[in-house]
Every structure is written in structure tokens, then in C-alpha cells.
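Below are the chains, spelled out letter by letter.
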Amino acid sequence: MGYLGADSRGVHGLESAVVDLLTNGTMIVVIGPDGRVRAVNPPACAMLGRGEAELLGSDWFEVAVPPGERGEARDTFQRLVRREDDPESRFQARVVTASGEERVIAWRSALLLDDEGGVDGVVRTGDDVTTYHLAEQRAEFLQHHDPLTGLPNRRLLEEHLALAVARARRNETSIAVLYLDLDGFALVNDSLGHAAGDEALRMTAQRLRDVTRANDVIARPGGDRFVFMLSDLEDGPLDAATVVGRLIREALARPYRVAGAEFHLSASIGVSVYPEHADNADDLLRRAEMAMQQARRSGSGPAFYEPDAVDSRTRLSMTSRLRRALDRDEFELHFQPVFATGDQTMLGAEALIRWNDPEQGFLLPAHFIPTAEESGVIEGIGAWVLDALCKQAREWSAYGPLPRLSFNLSPREMLRSGLVPDIIERVVSYGLEPSSFCVEITESSAMCEPERTSAMLRDLNEAGFVLAIDDFGTGHSSLTRLRDLPVQILKVDRSFLAGVPTDPQAGAIVAAILGLGRALGMTTIAEGIETPEQLAFLVEHRCDMAQGFLLGRPAPAADLTEVLRRGAQAA
Ligand code: C2E
Ligand code: MG
Ligand code: MG
């Protein structure tokens, strides 16, 4: 599938598009005002596992509605017959089949009228959306949990923490938040490979679970970071945190045995406490993280948040180090290739920023982009990225047509007026075509501030840039908005791929997202492809492109130069 323009998306009502994708035949049932079945089509018979003769004349609610839902279903139906409800309204309801299985059906109704205009029955058409429904439930779970460890993710942690703060305020109790960052984890990942890294994270999650009491919450907000929330503490939150900190250290100190290797992990732990250090969930979490950075620096036991020392010092130092990094050119772009799933030709590459920090070494974006966002340095970084990318692209254009080069825009950059003209000017000043570039914005930033974002995306699109929604599936998309945005590419977040193909529900979500992308005429890219099985799944479900460690890791520009040079020689 190519990059299709807006006119080719003939889909109205995205849900019905999904319904069409997931069902194989619409059911039709005609029900008289007395609730008895007057007519029924073969798909409905097949769904219910009952013959037409058996269904005709029988009471629909007795024969097809699960016992616990009959009363309400009958009431809804009667209101419709009495014209008290809008017959147009759509609803989802469960039916029960002859074998006792329950399915979820999306129904639409229409009234049958007699010659005098009285209601003579109801025609219902329905689609089986059970698979979609299950996928939604699983997506709901994944929105709140980390698929790797099953622990709550950052979002759910924030919800727990907000509730805990409300309770603590009411009951005058306290809370301690412990923020852990594993030391040495990057080394495991690099030397033993990603699968071993995942296994070490799962083992860590289990060891941490063993330390918790019933009321505690452990979460994995991302990467090699974990958070403990100790709530409803009657006295001495600092003592409680010290004890738990020691238990955590002991739990992690036991050797890890993974993939035939034995190694040790330890953690830097930062602690913040309600009400001493902060009086709301956001600040508690942020300050515990700052204290963790302090702990990492000092290398000793858990560090408690210190308003003056930690807050301004670490924040300022990180921010000023980032500024200095821009001045001293310490950033570097790596490139990860993107392939066609079918014949695995390389179609593009994504630019991903890295920081060679003289103090902490080689840093991935997760370690500095959040601070860069918060402090505003991201604007300078964004400009650096585009500049570096353009320089690189100009060099590569000597080897022939460029693969499509993607870069990431952060939500904060998108708020700046003048961003779009700046981007266009920069690309043009290097003598490059905007159509050689793809701008990636995350789903959540695409969905906020609808008017501004739409206008910005439209301008970029009109200038010739290809647009992609990144990390799709993790944010709250309005499907209608998605249809209206001038975006050509949907990138399925890699958290969904992680469960494929072993977890059928994760598979159903990926399939549903791919179906959605296709229905909207968008090109689909799956991120995080690590196994041949995942790739086969994508081929089978007609995903257009794939990106992941299996096919190519992010690597310095020189690697791609080599590929392009060889391509040019072969041609
Ligand atoms: P993203 O745009 O979704 O980039 C893909 C991320 O997935 C990259 O992480 C890449 O290394 C990782 N990845 C790719 N294939 C696999 C795989 O098979 N398995 C696993 N586990 N991971 C895979 P990275 O480079 O750490 O970047 C993380 C995020 O940081 C990016 O996510 C993007 O949101 C942001 N970022 C990166 N570079 C920039 C930049 O120049 N500017 C801005 N604003 N954000 C950036
Ligand atoms: Mg991206
Ligand atoms: Mg992504």
C-alpha cells in the first residue's frame, strides 16, 4: 500500500468499519411487539446455533438473551415499541447461543410501521463484535499495565498515588514513594541481548513483589525503573522507607542467572514523602525521581528528597548540562531502518537521538528527553536534530534516491508558533525535498489541542512532508479525529507487539489496529519486531512495514552510509 491521500479514505463511522472487518455477516431479526420472533436470517440462526423453525414464534428474550439481562432487555424493547426511545440509537448487548456461549452484538434497530403508522414490530440488525470487545478489554488492561512484567504502568501508578494522597489527607496518614533505577542494567541488555534484559526485568519485578505488603503498590513507569508506593502509614514514613529500601537492596543483591550468565544488579533509590516533601501525586513522583538521581550520583543508600539540595541542583545541573551538550556537540543521531514486511526491502530509516554525556556516558532518549521537555531545552535539541538529519541526508543523496527519513517531534516543540516555517526553511536551505522526510508525532500529542495540531499538521502536509502517528494504541484517540487528521502512517506501539503471537488478545489488538489503519487508507508500520514469529504475524495481517531489533537495530549513520554505498555500487 502506498501513501494515500485524504480523498481515498471513503470511510465514515470508524466503528462500523471495524465491525465490518471483524464480522462475517450481519444478523437480521424481526421481533413483533409481543417480543416474538417473526423473521430471522441465516447469519442470525448460525450465530445462535438454532434453526429458523425453532426461532420463529419463540420469545426472543427467552431464547437469545442471557437470563440476568432479560428484564432490562425487555424494558428497552418495550420503550422502543412505545416510541419512548430513539429507534436510531445503537447499542451493544450480549446474546446467548444454544450451547450457552455468550457473544457481544452491536445492534441497530428500525421500527416496522402498519398502515396507520402504529408500531408493528422492530427490525434489528446486528454485528458480532465479541473479538473487538475482548480486544478493547485487553487494550484497557495494557493501557494501565506494563506488558512485560504485568505491573501497573505510570498512568495507573499516578491514579493510585492520587487516591492515596486523598486518603492520607482525610486520615492524616503519610505516604512514602521509593523510586528505583537499576544500575548496570544497560550493560546486561547490551552484552546478553534484549531477551535476557527482559528476563532480568521480569525477575526483578518478581523479587520486588516478594518484598511488598498487601497495601503497597509497585509499578514500572518505564525502562529499568520501578516505583514503590507505601501508603496509609500511621507513623514514621522515613523509617518505613528505610526498611523497605533495605529489603529491596537485599532482594536485588541475590545473583541473577539468565541466558547462561550470572550477574548482579543493584538499584539507586530515591525517596519522597507525603506530606513533608510534596502534597500531590505529581510532585511526589517527580521529587522521588530527583532524589534517585541524587542517590545515583552519591552511590550510597537511599537518598531522601532535599528541597534545596536536590531540586534546584540536580534539575539545574541536568538542564545546564543539556545546554552545554548542545554547545559542545555531544549529541549524535542513530538510524534504525524500516523495512517492507513482504520482501524486506529497506524503505526508510528513523533518526533517534543519543547523548554522549561526558559524566554518565552514552545515554538513550528516555534519560534526558523528559528533562529537556520540562525545561524547554527540547526546542534547541529539536533544531539540532533536524539540522544534523539534513546534513546527513545531503551526504546520502550522493548515493541515489534517499530512503524516507523520519524524525520525532516532541509535544513541547509542537506548541511553538513558527515551528512549521522553521522546519520547511531548514529542509529547503539544504536543497532537500520535504517529501523525503516523515515527521513522527506521538498519538497523545496528536490528540491534544485539536485545532492547533490540525492546522500544524495540515501545513506540514501541504509543504510535502509525510506524517506519522507514533506509538499508536497507547493514547486516547478519538477515532473521528484520527480520520480527519492529514496523517499517512500509523505506527503500532511496540508494547502491543510484545505479546504477539503468544497472547491471542494482544494479537487481536494488533490486527484490529492494522484493520483500522487500512480502513483509513493509511500505511501501517509495526514497531519493536524482535522475533521471526512476530514478522510472520505481520505479513499474515498485511502490515505494510516493520521496524525492530530483528531487522535492524538503531546504529550510527556510518552503518547506513555503507548500505547506501553498496546499493549504489550494485545499481
Ligand atoms: P520512538 O519514536 O517510538 O522510537 C522507537 C524506539 O523503539 C527507539 O528507542 C528504538 O530503539 C526502540 N526500538 C526499536 N526496535 C525495537 C525492538 O525491536 N525492541 C525494543 N525493545 N525497542 C525497539 P529509543 O531510541 O530509546 O527512543 C525512545 C523514544 O525517544 C522514541 O520513541 C522517541 O519518542 C524519543 N526520541 C528519540 N529520538 C528523538 C528525537 O530526536 N527527538 C525527540 N523529540 N524524541 C526522540
Ligand atoms: Mg518515532
Ligand atoms: Mg514509537
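The shown structure was predicted, so the numbers you read here are calculated from the model rather than taken from an experiment. (Residues numbered from 1 in each chain as written. Chains lettered and ligands numbered in written order. Predicted model: local features only at pLDDT ≥ 70, side-chain atom pairs only at ≥ 80, totals over all residues. Heavy atoms only, no water.)

Colleague: Mind showing me how you'd approach the side chain of Thr130 here?
Modeller: Relative to the elements of secondary structure, Thr130 occurs in helix H6 (residues 130–144). Taking relative accessible area as the criterion, Thr130 reaches 10% and is therefore assigned buried. Within the local environment of Thr130, its side chain forms a polar contact with the backbone nitrogen of Val104, the two atoms lying 3.0 Å apart. Apart from residues lying up to four places away in sequence, Thr130 is in contact with Arg103 and Val104. (Helix = DSSP H or I, 4+ residues; strand = E, 2+ residues; numbered from the N terminus. Buried < 20%, exposed > 50% of the residue type's maximum accessible area, 1.4 Å probe, protein only. Polar contact = N/O pair within 3.5 Å; in protein donor to acceptor, adjacent residues only side chain to side chain. Contact = heavy atoms within 4.5 Å.)

Colleague: Any chance you could explain the state of the cysteines here in plain terms?
Modeller: As used in these notes, a disulfide is a covalent bond between sulfur atoms, one from each of two cysteines. Scanning the model with the defined rule gives zero disulfides in all. Cys390 supplies the cysteine sulfur nearest to Cys438, a cysteine that is in no disulfide, at a spacing of 14 Å. Classification of Cys438 as buried rests on a relative accessible area of 2%. (Disulfide = S-S within 2.5 Å.)

Colleague: Would you mind going over the coordination of the magnesium ion (ligand 3) with me for this structure?
Modeller: Four donors placed tetrahedrally about a metal ideally form angles of 109.5 degrees, and six donors placed octahedrally ideally form angles of 90 or 180 degrees. Coordination of the magnesium ion (ligand 3) by the protein involves Asp470 (OD), Asp471 (OD), Glu527 (OE) and Glu527 (OE), with metal-donor separations of 2.0 to 2.4 Å. Sequence spacing of the donor residues for the magnesium ion (ligand 3), all on one chain, is D-D-x55-E. In this structure Asp471 comes out as partly exposed when scored by relative accessible area, which is 24%. (Donors = N, O, S within 2.8 Å, 3.2 Å for Na, K, Ca; no water.)

Colleague: Got a minute to help me understand the pairing of strand E20 (residues 523–527) in this structure?
Modeller: In the case of a regular strand, side chains alternate between the two sheet surfaces. Of all five residues in E20, five are buried; the element is thus mostly enclosed. Going residue by residue along E20, you find Thr523, Ile525 and Glu527 tucked away on one face and Thr524 and Ala526 tucked away on the opposite face as well. Pairing of strand E19 (residues 489–492) with E20, which is carried by four bridges, proceeds in the parallel orientation. Within the sheet, the bridge partner assigned to Val492 lies in E20 and is Ala526. Sheet topology places E20 next to strand E21 (residues 545–547); three bridges connect them, and they run parallel. Its bridge partner being in E21, Ala526 is matched across the sheet by Ala546. In this view, the connection linking E20 to its parallel neighbour E21 by way of helix H22 (residues 532–540) has right-handed handedness. (Pairing = 2+ DSSP bridges. Right-handed = clockwise from strand over helix to strand, strands pointing away.)

Everything listed here is a matter of geometry and, on its own, says nothing about what the molecule does.
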